[in-house]
Structure formats: C-alpha cells, structure tokens
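# A structural walkthrough
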Amino acid sequence: MFKKSIMALALGTAVVFSGAASAEEKIKIGVSYPTPTHAWAAGMNWHAEQAEKRLEELYPDVDLILVNSPDPAAQASALEDMVSVNQIDALVVLPFESDPLTDPVINVKESGALITVVDRGLSKEGIEDIYVAGNNPELGRVSAEYMKSRLKEGDNIVILRGIPTTIDNERFDAFMAEIEGSGINVLDHKHANWNRDDGFEVMQDFLSRFPDIDAVWAQDDDIAIGVVAALKQAGRDGDGMFVVGGAGMKETIKGIMDGNELQPIDVLYPPAMLATAMDVTVAAFKSNGPVAGRYILGATLIDKDNAEQFYFPDSPF
Amino acid sequence: MEESASAPKCVLAARRISKSFGAVPVLFSVSFDVCEGEVHALIGENGAGKSTLMKILAGFQPPTSGDILLDGEQIDLPPNGEAEDLGIVLIHQELNLAEQMTVEENIFLGRELTSRGFLDRLTMRRQVEVLLKQVGLDIAPTARISDLSIAQKQMVEITKAMNRNARILIMDEPTAVLTPSETKLFFRQVEQLKKRGVGIVFVSHKLAEVKEISDRVTIMRDGQWIGTKPTSELSLDDMAQMMVGRELSDLYPPMNEVDVDAPVILGVENLSTGKVKNVSFDLRKGEILGFSGLVGSGRTELFEAICGVVPVDSGTIKFDNEVVNFKSVSQARNAGLSYLTKDRKGKGLLLLQKMAPNMSLFSLPKFIKNMMIDQKAEEKALARGIRRFDIRTRDADIRVGDLSGGNQQKLLLAKMMETDPRVIIVDEPTRGIDVGTKQQIYHFIAALAAEGVSVVVISSEMPEIIGICHRVFVMREGRMMGALTGTEINENEIMRYAAGLKEAS
Amino acid sequence: MSDTEVISAERKRAFSIDLKAMGPALALLILCIIGYSLNSAFLSEGNITNLLTRSAFIGIIAVGATFVITAGGIDLSVGSMAAVISGVMIIIMNNLVDTFGAGAVTVLIGCGCSLILGIGAGWINGALTTKGKIEAFIVTLGTMGIYRSLVTYFADGGTLSLNFDLRGTYRPVYYDSFLGLPIPVWVFIGVSIAGWVILNRTAFGRYCTAIGSNESVAKYSAVNVDRIKTATYVIQGFCVALATIIYVPRLGSASASTGVLWELEAIAAVIIGGTVLKGGYGRIGGTILGALILTTIGNILNFTDVISNYLNGTMQGLIIIIAVWLQRADWSKKKV
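Scope of this entry: the structure provided in the associated data block. (Residues numbered from 1 in each chain as written. Chains lettered and ligands numbered in written order. Predicted model: local features only at pLDDT ≥ 70, side-chain atom pairs only at ≥ 80, totals over all residues. Heavy atoms only, no water.)

### As for the overall build of chain C
Across its full length, chain C carries 15 helices and four strands. Each of the three principal axes of chain C carries a C-alpha extent, and together these read 80 × 55 × 40 Å. The proportion of buried residues among the 336 residues of chain C is 54%. By sequence separation, contacts in chain C at least 24 residues apart represent 80% of the contacts at least 6 residues apart. Carbon and sulfur atoms provide 68% of the accessible area of chain C, an area that totals close to 13,900 Å². (Helix = DSSP H or I, 4+ residues; strand = E, 2+ residues; numbered from the N terminus. Buried < 20%, exposed > 50% of the residue type's maximum accessible area, 1.4 Å probe, protein only. Contact = heavy atoms within 4.5 Å. Areas by Shrake-Rupley, 256 points an atom, 1.4 Å probe, with all protein chains shown as cover.)

Okay, structure coming up:
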C-alpha cells in the first residue's frame, strides 16, 4: 500500500508540475478512500486503479487522482490538498467515518466540485450529487432467500456475524426478517468480526454445542474460510451441509465456478463499487443525459452460471 | 523513666509500648519520650527494635499495646505519614524523595503553594532558597534529586521537614552516609532546630556523635528498654556495653603483619577512569589496604574500573603478575577479584528474594550441575555462610529485605566469599550497622587476610581504617594524595591528605 | 504466646500462600464449572481438545513473554511478529514448490525460515533495548507497527494464501493427533516444560529473575545484563515462530488481521498467572493457566446466548480482573 500512496503522490505532484500547460482543459477528479487494511478494501483499491487506467485511456482529458489515507484526519487533509493543490473538478469519496468527514466534504463542495459519495453516507443530507453504495440489507435478504430455497421447515442454521457495527446490524436484521415464518431455526448468532481465525473458533464452538446443524450463514467470505476449516476438521462438511458467505472473494468465486458443494453460492458486496462510482462521475462530465442521483448496487447472488463475470484473478480479493 | 515521661515540656511520649508481628514479638513494654528543644538519641544493635519504635512514634505502625501521648493527651496516631500534619516527621534511612523531581518540587510535595489554582512557583522557589541557605546547602532549587549526592539528598530531606514546621523530627541514622565535614554542618543545623524548639529523636550507630549531639540517650537491646540517661552521665564504653550487654574491649582484632617478601598480587599503574586520574598502588598477598578520603574522592570509581564494572580509560592493571583488563564483572570474578558494593540495598542484594538465591547469585556458575542449578548445593552454601558469618535469622525463608542491616551485610560478605576470591574490595563495609556486628566484620576481614586473601577496605570512617589496615592510601578529587604506613596512620595525617593540605610528591 | 497460637498463625500463612499460588487454578476451575452448567457439551472431548489446541498459540507466545517480563522487559510486537512470520513463511514455501515440490522438504525449509526469522526479530528487539538503550515499550511498539505494515505490504492489503498442494502436506501439523492429543498441544506441553525448567532450574532463569528484581544488583553480581536481556527477547521470538509454525496450517493464510491483539492476550496470560509485570518474579505454570483461562472465557461465551454479544469484552475484562484479584488480594491481612 505504501508503494501505492507513493504512486498516488507522485501522480499528484506530476500533475502540479505539468499542470501549467494542460491544466485548463483537463477534467480533474479526486478519488479519496481509506488505506486498505483488509482484503475486501485491497480489492476495492485494485478495482479503482484498474478503472483509473481504463478511464484515462478512454478520455485523455480526464485526470483521476487516487489518494488513500490511514485515518479520518489524514483523509480530511487529503481533501483540503485536492482543492488547494490539485484544484479538482469533482470528488469521489469513500469516507472513513461519516461525522468527522462531513464538513471537509462540504468545503470541497463549496469550491464548486461535483461530489460523489461512496458506500458510507455523510451525516448531513443533500451534500452529494451522486451516491453509490452496496446494499447491506439486500445482502442479508438474498442470503436468507437462498437458505429458504435449500432448507425445509425444522432445519437448523447458525449465523456468524461481523464486527458489531451498523453494516452488520443491517445485514443481520434483513436476514432475520426474511427467514421469519419459514420454520428454519436459527440456533444462535455470534460475532466473528469478519476474521478467519475468529470464524474458525466460533464455528468450532457451534459444532461442539449443536449436534445438528444443516447450514451456516457466514455473511462474509473471510469468516466462511474459517467456518469451512472447522467443518472439515469435525468431519461435518458432508450430508448437504452448506455455507453462505458474502462479498465476492476471488477464491470463493473460483470455487463456485469449479462446483464446490460446500459453498455453492456467494452474495456480492461489490469490491468494485469505487470503480463504479468513478465511472458514474466521469459520465457526469461526458454523458449527454443526467447522471446525478443514488446508485444502489445490487447484492447479486453469484452461482455457477454467472460466476465467471465476477471473477478477477489479478485482484488481491 | 517514669518521672521524665511526665515532665511538663514533653511533646511526644510512648508508654509501655509492645509490638508483635504475627506471632513474633519485637518490642516488650518500651517507654520513650522526647521534649521540646532536646536531642534524644536512641541506640541499640541492629534488630534491637529501634526501627519499629520509630515507626510507632511516627504513626507508620500501630502498637500492639501501650499508649502514645501527644502534649500529654492520649492519641491514636494517623497512619501512612499523616502524623506529619501533627508535626511529627520521620526521616527514613532510605530517603523518601522523588528522584526525578527537583529540590523545590520535593520540598513542597503534597503541600504545594497555589495562587488562583495555579502553582505559585516564584514564592515556593524563594522559600526554598531561604531554607537552603539556612541549612548551608549550596544547590539550586531547580536541581534534580537524582543528580545530587547522598549527603545532599539527606539535607534536602531535613529541609523538607523544616518546611513542614516539624515539632518532632525522628531521624534514622542521618549521619550514616555523611562525611565528617558534612556531619559537622548537619550538627550545626540540629543545634538550630533545637533552638527553635524542635524535639529530635536521633538514631545512630556512631556513638561518638551521639555523645556529641544528644542530651539524653535511650538504649535498647532485643526489643527491651535497657535504660534512659542524660548523655553526660554515660561514656562511650558505657553505651557500647549497655547496647551489646557484654564487654567490648577488642573492637579491632590484633594486627598480623604481612610478610615483607609477600608477593604483590594486584598492581595498578597510572590508572584513569572518569574523574580518577593517574592512580597507582600495589597490594600484597594477605595485606589489608585502606582507602580513605572524602565521599566522592573517586575511590569507588577506581575499584569499579578495576573490577570491570566501568571501563578503564588508561593505565595498566597487573593481577598475579599478568596484565589484565577486565571487561566485565564476571571476568574479574573468574580471576579471583571480588568487589563488595557500599550500596547494599541498591546494588548488593535482591531485597524481595530469599537468602539462598542472593547468596549464590554472584558465584552461580559454581552451582551448575548438568546445566541445572544444584539446589542442594545452594542450600549447603547458605548453611555454610550462615554459620561462618553468624547471620542471625529466625527463618531461612525470610526475604532479604526483612533482614536487619547487619545481617544483610553479613549475607553480602558470604555472597562474595562464595566466589573464593583472592582479592576482595569491601566498600564501606560497616555503613549503618551496629557496633557488635562491626566488631564481627573486622574480625572476619582480619581472619581472611591471615588466610592469605588480600583485602582493600574503602571507608569514610577513619577509626576503622586506622584500626584494621596495614597501609592506607588517601585520595582526593580523583587523585592519589599519599600512602601512609605504620605510625603515620592516624586521623591527623589522613585528614591532611584528604583535605588537600598535604600531598606526597 | 502459646504453642497453639503459633500453629494457627503458621496455618494462616500457609493457607494464604496457597490461595495466592492457586488463584489462577481456582479461577479456571470456576470457569469450567460455569461452562459445564451452561452446557454439558463444554466438557465433551471435542471441546476440550479445541480449547487446548486454541490455547496453544497464546500459551506458547506467553511462555516466551514470561521470560521477557520476568527480566523486567515487555514485548508488544509478538502479534505483528507472528503475522509477518506467517506471511513470509507462506511466500517462501509457495516459491519453493517449483523447486522442491509440495512435499515435506518445502515445509521443513519454511519452518526453518520461520525459526530464523523469529530469533532474528527477537534479537533486534533485544539489541535495540540493551545496546540502543531505548525503553522496551518504545522499541517493541515501533517494531509492532513495522511488522504489521510489512505483512500488509507483502499481502498487498489482502491475504497471503498457502499453495493448495502444500496444505495437504502441512495440514497434519495442526489437525493430526498423537496419543489422543493434537500436535499443537504437544508442542505447547513441550514448550511449557522447557520453559519451566529454564526459568526455575538454570542459571539463565535465575539471572532473568535477578535482572527483573534489580538490574544493578545483577550487574554487580557478575551477570551480563545486556546478554541475558537480549536472550529473553530471542526466546520470545523463538516462541512466536513456534506458534506460527502450528498456526499457518490451520487456515493456510496470513493477512493484516492475523495475530491482532495477541500481544495483549499473551501479556494478560502472563500476569493472570502471577508473574509480576514490573519483573523479578515469574511463574510459567501460572502463565499456562492464564492462557487456558483466556481461551476458556471466549469458549464459554460462544456456548451461551444468555449474555449479549456486545458484552463479550465486559465479561472478559471482569474475569481477568477477578483472576488477578484472587491472587493479589492480601488474604492474611483481612483476618487480623
């Protein structure tokens, strides 16, 4: 990541120095997001870099400036620099946290730039022109729908949740709402913090505690890896047992393509959402139709039939 | 005793105090009092119960039975030093100063002056300056305690007590670490305190000082009250005899002369390290060599360099006719050279550990069998040490910090002797220990020399240097001022060298 | 004073000492009773095996930490160190598959590298502390950040995964059993016994205690303080490497979130076990119990839905404090 921030920095300075000649005609779009510290974010970073290359090739007069920041304060400073140093025409921002970044984004807006907010909304309404986000409740609902299609009344499932946050609650509540009335028993739900090791240990304990489990909702592909290891260790990975993860990790999708029965599907929480937001923002300058609005990306159910289009072997995620 | 306890001017009195720790009684019905403007000395061997009595007088420990009277009224002293608010201040032997804070911060610690919620540094500094001048202490109020010498720290403690308007000052061996000149200065201060009406409890092992400064003396032995008398009625011998309970005619052992042709075992030429400059001397087999001088004259640094604790800057050291330069204490130990520190609690013993691990620590490689520590051998060594050095304890499992000073010193000697050294350097070997133990230690040293071990005694107490050493070197400000032999070894000569009035050419 | 008084006083003392030493064991026993009463499956063979295996990582690291802490030091870098060692180990083994195949040779070379890395990383911590004269807290806080960011860098922010063919070869190191006990538990037992012997029966252990009690005394007693202190960090690094060797085959991956907070768990295990944080007194047996207590707490919380998930941290905190209170509280004084 270090090398990437250097790259972004070098890119930024290059723009400043070469700016005199071509600054007038170039459309400059700043892209600000947290430094990736886990695999999903690394995937997002990768997709954003791909999009940068693709869009700049496609539109020579578009200049995308990617900057990632390790904490909210650093992100706020990065936003200030984008306005003062780079004089951006548009901003694509995935805020670290909603509250501390609301004011810095308003300042950018006051400079006249177009604002695109990604994934995490700001604390005040009406700041952003474009909003692009994944759909957390939908992820929970689609997962539950799949469970219902595979299980019958009286079957038992356990749930491994993420880190206690709003995202986790939205996913969990939507899942529970969908599963209600189906007769499927949710034996218990515990936090596994979107972490493989925690997934392994929580699942081990579920297996000791409940002799009859028919399926597992792991909510996330990292947790699912731990869950699968625990199932294999206990020898309870057969008999139609299955695990539903989420997010769209490349290994998981490869498994689906190869017909893995233990993890037959995945529910997408697209790591490419930042790339999508960049596309939409560029379109705001290039399209002949109106672009502003809210883009809620679907929580697509990935199965054997459509897996290939979500498989990016070069992405870290 | 009874009539003095009821004397009108007495500020603080203890009546028939007894104290037990668990099942072990340490004080048996002891009475003690101190009046306005007097110095009341409390003497006794280590383990006689002086410390416990002091702590009870200052409220740090409650008595098991008996009464404490303040201004004639019975009182339960508040614990944890809160008795300071009543004007009773105990100055511990291990000084109670915050090492990383400055002199003025320490003096006002816990009772800082404030103005409008902020520290009033200016007023505090002025007051401290005045106090320091009164004590005759030439240090800045902003000096950090950790940068001061022990003597200066002692003075800061007294200044601190004065600043608290102490009515009763209980001092645990205040002069143990002071040089003669510092002691004089200190006594002048005590006189002033007396004039101001402060009552002083003075605990010391230095009987000459007790004789000089105190008005009354209370002698204790084995937790019992032996007697309280006006100082003028007691001679030094009387005091020693009452403390020990036996005749102490031979404090110093008879001196064995060294063979004239005894080989030189340690030869030092032009050694420099830190502030020590160009020091040369030699030590023969079986000889007891004294190193005298004022505190801070460089004696400790000299021998720490020889023993590999600190590096040597220049010069040569010959040990057993071979040039050596010990890079570590372990090299020196392996060669047969052992240094016994003067800072027994800070550098000598692990106070929270038991006796056996302390005893074997210095010579641990000797106790290794099949890569493991031979615990049986350790126990045997401890039993041997206890016997040889007469370490007195109720319980072999006792933590070393709970031993009396004299027993700690004996344990330290035993620890050093476990390495079977050929040369030992003992730095202030009798600091803060009672006369009975002193006598024992002098006899150990003489016996070791008679066995052929060479001994260097570094001491600020002239009588012991004179009493046990064959030859005496005097140092001043890092330099060797001169060597004394035979009848030259007397206080007058030593003092002239130490004070820089005389120097060997 | 009569004889009976003496005896009762002695008894009181013996009782209070026992209780202090037994504090952690008592806490673990209480936890087990609570676990069993919540769900009898708690004491099932499978769960006990899981518990022991899980304790092995923190336990092995904590045995190393016992040495560091006993000698008056602290090592905050162990969690990050474990992460970076697993990462580098995976990279090395993946690259060796082409040369040596997916057999035991590759795995052995990987394990060897892991040990070398652990010892090296420990030595760096030790040398910076002793020769560099920087407080251990700062040194290891620094290396903690360095190792953590290095593993993120190696993994490109994502996850490093072990080659799938290698997993088959390496898997048994975590999942197989010998005489009914999983291999990680055997390693844990081995490290514990070795740790106990070294700390309590060798000159090195005695020196650690002496340095932790009072560095000056140790120095004046011919102890090579710098060398011994550095050695404690090397032992710590070695233990981290051992833990990593049994950790990697479990999930075959390493990422920036590997080993997060292991340093605090290891230190907590050491202190719960009765070792004194400022040094001078160490108990390997207590450390092992401490590690078991920590894992058992997590295990029990997974076994019940009585307590809100959000309060897991509260329960852990309470139990840690109670376990330490059991051994620190001055029982004998209360009776006076």
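### Focus on the sheet that holds strand S16 (residues 314-319) of chain B
Residues and elements named next belong to chain B. In space, the four strands of this open sheet follow the order S14-S13-S16-S17, with antiparallel pairing throughout. Sheet topology places strand S14 (276-284) and strand S17 (322-324) at the edges, where each strand pairs with a single neighbour. Each neighbouring strand pair of the sheet contributes to a mean axis angle of 20°, computed without reference to strand direction. The pairing of strand S13 (residues 264-273) with S16 spans five bridges and is classified as antiparallel. For Ser-272, the partnering residue across the bridge sits in S16 and is Ser-314. (Pairing = 2+ DSSP bridges. Axes fitted to C-alpha atoms, helices over the stretch in contact; angles between N-to-C directions.)

### Remarks on the state of the cysteines
Inspection of the entire model under this criterion finds one disulfide over all chains. Between Cys-10 of chain B and Cys-35 of chain B runs a disulfide, and the two sulfur atoms are separated by 2.5 Å. In this pair, Cys-10 of chain B sits in strand S1 (residues 10-21) while Cys-35 of chain B sits in strand S2 (residues 24-35), placing the two residues 25 residues apart along the sequence. By the burial criterion, Cys-10 of chain B is buried, and Cys-35 of chain B matches it. Cys-113 of chain C takes part in no disulfide bond, and the closest cysteine sulfur, belonging to Cys-111 of chain C, lies 9.2 Å away. With no disulfide partner, Cys-239 of chain C has as its closest neighbouring cysteine sulfur the one in Cys-208 of chain C, 12 Å distant. (Disulfide = S-S within 2.5 Å.)

### Details of the nonpolar core
Formed by 114 residues in total, the largest nonpolar core has its most connected members in Leu-160, Met-203, Ile-213, Val-216 and Val-227 of chain A together with Tyr-170 of chain C. Residues Phe-319, Leu-340, Val-456 and Leu-484 of chain B belong to the second largest nonpolar core, which totals 76 residues. (Core = buried A, V, L, I, M, F, W, Y, C linked by side-chain atoms within 4.5 Å.)

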